[in-house]
Structure formats: C-alpha cells, structure tokens
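Reading the structure
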Amino acid sequence: MGVPTVPVITSRFQELVTSIAFKRGIPNMRMVYTPHPVTDRLSALCRKYLEGKDPITGEPILEEIVSGLTLPLSAEDKGTGFLPRTPRRRFLEPDTVENLENYFYENNLTDGLPIVLPTEARVTEMLKATSHSPDEVVGRMAASTPHEAWEYTVEMVAVNAVMSGAKPEYFPVILAIASAGATSLVSSTSSYARMAVFNGPIIEELGMNAGIGAMGPFNRANSTIGRCWTLISKNLGGSGTPGETYMGSQGNPLNYGNLCFPEREEGLPAGWDPLHVQKGFNRSESVVSIFGGWSFSDIAWFTPMPVHEVIQGWLEHFFSTTVSGATIIMDPTVAADVSDAGFKTKKSFADYLAENTGTPAWLYWQTRKEELEKAEDGVEPYASYLKLGEKGVIPISRFTENIVIGTPVNPSVNFPRSSTPIEIIVTGGGTNTYWSGSDFHHAVSVSIDKWR
Amino acid sequence: MKIRAGYVTLAVFFAAAFSPVFAQTSSEKVIVMNPRGMKPPIRQIPMAERPATLEGKTIYIVDTRFPRTRKFVEALVETLAERYPETDWILKDKFGGYMDDDPKLWADTKENAHGAIVTVGH
C-alpha cells in the first residue's frame with residue numbers, strides 16, 4: 001500500500017498471519033492482536049477488549065496500534081532483496097528406517113498413518129508408469145488464495161505416491177489429480193473436504209471399486225489414490241499445517257481418503273450420461289472430476305413417497321456451510337427409480353430439483369435484509385413470502401449458481417463449470433435403495449490419459 | 001537324520017541372512033527421497049516510513065467486511081477517537097467480501113491517508 005499499516009487480528013490467528021506476512025515479503029509486519037473471537041460480540045465487550053491488553057504481547061492494544069504506526073523503522077524493516085529460504089534437497093539425510101519413519105511423522109509429512117518410505121528404487125518404479133519426464137513441472141498448489149503456491153515435478157509427485165502405498169499403475173491418475181492444483185486441505189476454518197470421481201476405461205484397468213462399498217475402504221486404488229491427494233496437498237501444496245496453513249476448527253474425516261470413487265457407468269439408466277461426458281469429454285477417455293464441499297449424508301426413506309420427491313424434500317431443508325451447491329450420489333437402484341419416474345437424463349432431474357426446491361423461510365430472511373424491508377413495506381412478492389411465517393418455505397431455490405471455494409491455482413488447467421449447481425452421480429452395489437446427499441460442488445475435470 | 005537337520009538349519013540361516021526383511025538391520029542407514037515441493041522465492045517489501053506522531057494526521061480504519069465483526073470495527077474507531085482526538089480516524093469499507101481485493105481503496109489510502117489500520121477476521 002505504501003503507507004504505514006497495522007493489521008488488527010484476533011489472537012487465534014497469530015501463527016497464520018505471521019507466516020503469511022513472511023511469505024508476502026514483510027517479515028517484521030507490526031501486527032496487533034485482540035482476544036478471540038470478536039464476531040457477534042456486543043459493542044461493550046469489543047470496547048473492553050480494545051481498552052485492554054494484546055493477549056500475545058501483553059501491551060495495551062490502543063497504544064500498540066499507535067506505536068506500530070509511528071515507531072521508527074529498523075534497518076531490517078527497510079530491507080530489500082530475497083528473504084532466506086532453506087534450499088530443497090532431493091534426498092533426506094540417510095538414517096535408520098525407524099528414525100526416518102519418526103522424521104516423517106514429526107515433520108508433518110504424513111497423514112498420521114504409516115507410510116511406505118520413498119526410496120529411490122521405489123520412486124523409479126513409480127516413474128515407469130508415465131511417459132512424462134521426472135523433471136516436468138506438474139502444477140502449483142496453495143492452501144488457499146492468500147497462501148503461497150508451491151510447485152512440483154513428476155518425480156516429487158511419485159515420491160508421495162510411493163508413500164501412500166499406491167501401485168505404479170495408479171500413477172497417471174495421481175498425476176492428473178496433482179495437475180489440477182486443488183489442495184484437499186483448504187486452509188479455511190470451515191473444515192473443507194474434497195471428492196474425486198473417476199470415469200472411463202481406467203476404472204476397469206485399475207480394478208477400482210464402483211460396486212458394493214464403492215465409497216468405503218475396500219479397494220487399494222480407491223483408497224491409496226485418495227490418500228495420496230492428502231499427502232500431495234501437505235507436501236507439495238504447502239497445505240495442512242494446523243494453525244499456520246490449516247485452520248479447520250474441527251477437521252474433516254473425509255480428508256483421509258477424500259471420497260475417491262468411480263462412477264458406476266454400467267449402472268446408469270438409458271439416456272443418463274457419465275459425469276465425464278457431461279463435462280465435455282469423450283466416453284472412451286479416462287477422466288477425474290474434482291469436487292469440493294463439507295458434508296455427506298447417507299439416506300434411504302422406506303415410504304411410498306417416490307424417491308425423487310424424497311430427494312427434493314431433503315434438498316429443500318438441507319443446511320450446511322454452503323447454500324448453493326449439492327451433489328446427489330445415487331445407488332444404481334435409485335437411479336433406475338428416478339429414471340422410471342420420468343427423468344430421462346441426469347440434467348432433467350437436476351433441473352427439476354433446482355426449480356422445485358424452495359428455501360426455508362428462517363434461512364431466507366436471515367440472508368436477505370433488503371427483501372425483508374420490502375416485505376415489511378408491503379412490496380410483493382416479498383410481502384406474501386413473509387406471510388408464510390418462519391416455518392414456511394419460500395418458493396426460491398438456493399441452488400442457482402455453482403461456487404467454487406479453494407479454486408485450483410494451476411493456470412494451465414481449463415476450468416469448465418457445471419451447467420447446473422446440482423450434480424448427479426451413480427455408484428454402488430445395488431443392494432438397497434440408498435443415496436447420499438452432499439454439499440459438494442464440481443470444480444474441474446481433468447484428463448488421466450494425458451498423464452499416461 | 002542329523003545331516004537333514006543340519007541342511008534345514010543352514011537353509012533357514014541363508015534365508016534369514018539374504019531376505020529383504022532380515023538383511024536390513026535396525027541400525028543400517030537408508031536413503032529416501034524428499035517429499036516436499038518447491039517453495040517460491042520471497043522478495044522482501046520494505047516497510048513504509050513512519051511519521052513521528054499521529055497528531056494532525058488522517059488514519060483510515062479499513063473494515064475488510066469479515067462477517068459479523070462490524071460492532072468490533074465501530075468500537076475500534078470510537079475508542080481510538082476518544083483516546084487520540086488529535087488524529088482523524090476514518091472508517092473505510094473495503095469492496096466486496098473479506099477475500100476480495102480493492103485496489104481503488106489502496107490507491108485512495110496512499111493518496112489521502114497517513115496510515116491505515118486493517119481489521120482481519122474472526
């Protein structure tokens with residue numbers, strides 16, 4: 001900005017802002033901290049905080065702000081040039097297996113589970129599964145927009161693939177995911193999660209599971225590819241250090257495997273295109289589609305009500321961090337029922353859901369102050385909406401646009417957006433009429449074949 | 001019988017000595033590859049020169065519009081104005097949500113203010 005500046009931040013974010021200030025080139029930025037949190041606190045309490053002391057430094061907050069804006073700069077504060085960073089070494093220091101395993105845990109290089117140590121021989125074997133050069137840059141990844149993006153090569157991705165327990169034949173899939181530049185550990189306090197859906201011949205080639213327990217821990221390809229995404233995010237994408245680059249307050253168990261599963265293409269009703277075809281790829285191509293979201297519910301509703309109406313009702317009252325994206329993951333038996341009810345394409349069902357799903361009144365009015373004022377002034381249709389009461393449903397859909405949080409940072413990837421914010425995916429073993437509702441939204445689909 | 005037992009012992013010994021499991025003793029050192037990616041270089045930005053005093057100066061208090069923190073920002077303006085009445089404390093709303101950039105406001109700050117306080121979250 002070019003003028004003296006003091007950021008005022010709540011104390012819980014000290015580690016994060018110190019790290020970001022360094023990465024943005026202002027290592028001595030004069031920060032002032034207040035008690036945490038300040039959201040929704042009454043004015044009197046905010047004043048008490050501000051008239052009190054900085055919980056990190058112990059200095060009076062107001063005086064500290066003024067000092068930050070007036071105290072003369074040191075020679076270091078005025079420094080230019082490059083800040084020191086430890087150069088990256090290709091190999092770690094030789095050590096015993098036990099010490100190296102401990103080194104990986106203690107330096108936050110794992111997901112907390114045992115890893116396969118990435119010896120050069122194992123990495124070389126992994127690299128044989130792609131025609132791409134080990135030195136080729138695959139992409140860039142950051143914990144979220146304010147954080148710095150790290151860059152990584154084919155070899156660096158192979159190191160993490162070995163650690164995850166993946167077989168070499170899975171490597172092109174892992175490279176495709178890495179090429180999207182989408183971290184699975186977004187820094188947000190909201191405990192974001194990721195999902196990868198596979199389509200095309202790769203499903204059969206790798207023996208991936210799209211049948212019974214498709215989303216569960218029953219298949220090496222499904223499991224290790226998903227796990228590898230988290231290792232890549234931590235080790236190659238500069239993400240996943242709690243307090244510094246990861247602030248998810250409660251964390252998300254989906255991050256272990258990132259909901260990685262193939263669509264059961266042979267279970268799609270006639271006329272329902274596989275996801276990758278919906279995203280513009282040929283049916284014969286192998287593709288991974290990347291989603292982001294937070295939560296996931298597994299549902300069946302054994303009543304005479306048609307399943308498409310049950311899904312519509314669920315979606316209407318579904319409430320999570322997001323309010324504008326959803327993915328319905330259906331067992332093939334449910335897909336058949338929905339198709340039999342007259343929805344001959346996925347899009348027709350998604351459009352039906354978007355058009356027929358209203359918004360609970362309490363939720364609607366909380367986010368629409370302007371409309372509430374109009375309603376109170378008798379302006380239609382808002383006045384009629386208000387008459388429905390707090391427990392009514394306003395006939396306006398929340399699912400009208402596709403938002404993407406944690407947008408991939410790799411500029412070389414084209415990001416096709418969904419034509420609808422509601423996605424339909426079919427997977428599962430057909431043992432019962434279950435479906436899963438989630439707030440996941442499509443971010444990008446990338447070719448796996450490109451990385452063979 | 002004794003000869004057969006001897007062969008068995010020998011076979012077990014060789015199997016143990018040359019199998020990958022036993023060949024690597026717990027004290028033997030191995031070399032593994034670095035799983036970390038490449039961090040970008042960081043060019044230091046020199047901090048802006050400070051005035052000796054804020055008396056008679058204009059300071060912008062920038063609300064980055066983190067949800068539900070407006071009361072805090074207003075309290076910040078009030079408490080500073082009460083404590084330091086010789087300084088002009090002006091509340092400025094940044095454009096968009098808390099993640100959006102606002103180059104116009106930064107240009108305004110550089111041109112019309114002597115300093116800024118930026119509130120960030122949470």
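Residues numbered from 1 in each chain as written. Chains lettered and ligands numbered in written order. Predicted model: local features only at pLDDT ≥ 70, side-chain atom pairs only at ≥ 80, totals over all residues. Heavy atoms only, no water.

1. Focus: the overall build of chain B
In terms of regular secondary structure, chain B is built from four helices and four strands. For chain B, the exposed surface amounts to about 7,700 Å²; the carbon and sulfur share of it is 60%. (Helix = DSSP H or I, 4+ residues; strand = E, 2+ residues; numbered from the N terminus. Areas by Shrake-Rupley, 256 points an atom, 1.4 Å probe, with all protein chains shown as cover.)

2. Re unusual backbone geometry
Residues and elements named next belong to chain A. Omega for the peptide link from histidine 36 to proline 37 comes to -10°, which places this bond in the cis form. Within the secondary structure, proline 37 is located in the loop between strand 2 (32-34) and helix 2 (43-51). A cis amide bond links glutamate 380 with the next residue in sequence, proline 381, at an omega value of 5°. Looking at the secondary structure, you find proline 381 in the loop between helix 15 (369-376) and helix 16 (382-387). In this structure, serine 191 takes a positive phi of about 55° despite not being glycine. The topology assignment puts serine 191 in the loop between helix 7 (171-179) and strand 6 (193-199).

3. Quick look at the packing of helix 2 of chain A against helix 3 (residues 70-83) of chain B
One way to put it is that helix 2 of chain A packs onto helix 3 of chain B with a least axis distance of 9 Å and a crossing angle of 50°. With respect to each other, helix 2 of chain A and helix 3 of chain B are oriented oblique. Where helix 2 of chain A crosses over helix 3 of chain B, the two elements pack in a sense that is right-handed. Where helix 2 of chain A approaches helix 3 of chain B, its residues Ser43, Cys46, Arg47, Leu50 and Glu51 of chain A are matched on the opposing element by Lys71, Phe72, Ala75, Leu76, Glu78, Thr79, Glu82 and Arg83 of chain B. (Axes fitted to C-alpha atoms, helices over the stretch in contact; angles between N-to-C directions. Parallel < 35°, antiparallel > 145°, perpendicular 65-115°, else oblique. Left-handed = near helix turned anticlockwise from the far one by under 90°. Contact = heavy atoms within 4.5 Å.)

4. Some thoughts on the domain arrangement of chain A
Residues and elements named next belong to chain A. One can read the domain layout of chain A as domain 1 (8-70), domain 2 (97-293), domain 3 (296-359 + 396-441) and domain 4 (360-395). Facing eight residues of domain 3, the contacting portion of domain 4 comprises 10 residues. Taken together, the two surfaces of domain 3 and domain 4 that pack against each other cover about 750 Å², and 73% of this comes from carbon and sulfur. It is Phe319, Thr359 and Ile396 that lose the most area in domain 3 upon contact with domain 4, and together they represent 74% of the buried surface on that side. (Domains from an automatic or database assignment. Buried area = accessible area lost by both parts, 1.4 Å probe.)

5. Quick look at the sheet that holds strand 6 of chain A
All names here are of chain A. An order of 7-6-8-15 is seen for the four strands of this open sheet, with the pairing classed as mixed. At either margin of the open sheet sits one strand with a lone partner, and together these are strand 7 (260-262) and strand 15 (441-447). Strand-to-strand, the axes of this sheet are offset by a mean angle of 20°, without reference to chain direction. By the bridge criterion, seven bridges tie strand 6 to strand 8 (residues 287-293) in an arrangement that is antiparallel. The residue of strand 8 that forms the bridge with alanine 196 is isoleucine 290. (Pairing = 2+ DSSP bridges.)

6. Considering the pairing of strand 4 (residues 115-120) of chain B
The element strand 4 of chain B is extensively covered by neighbouring structure, given that five of its six residues are classed as buried. Inspection of the sheet shows strand 1 (residues 5-10) of chain A paired to strand 4 of chain B by five bridges, in the parallel sense. Bridging across to strand 4 of chain B, proline 7 of chain A finds its partner in valine 118 of chain B. With five bridges joining them, strand 2 (residues 58-63) of chain B and strand 4 of chain B adopt parallel strand pairing. Residue pairing for strand 4 of chain B: valine 62 of chain B is matched across the bridge by valine 118 of chain B. (Buried < 20%, exposed > 50% of the residue type's maximum accessible area, 1.4 Å probe, protein only.)

7. Some points on the nonpolar core
In this structure, Val157, Phe171, Ile174, Phe198 and Ile225 of chain A are the most contacted members of the largest nonpolar core, which totals 55 residues. Among the nonpolar cores identified, the runner-up in size contains 26 residues, and Ile299, Ala326, Tyr352 and Ala354 of chain A belong to it. (Core = buried A, V, L, I, M, F, W, Y, C linked by side-chain atoms within 4.5 Å.)

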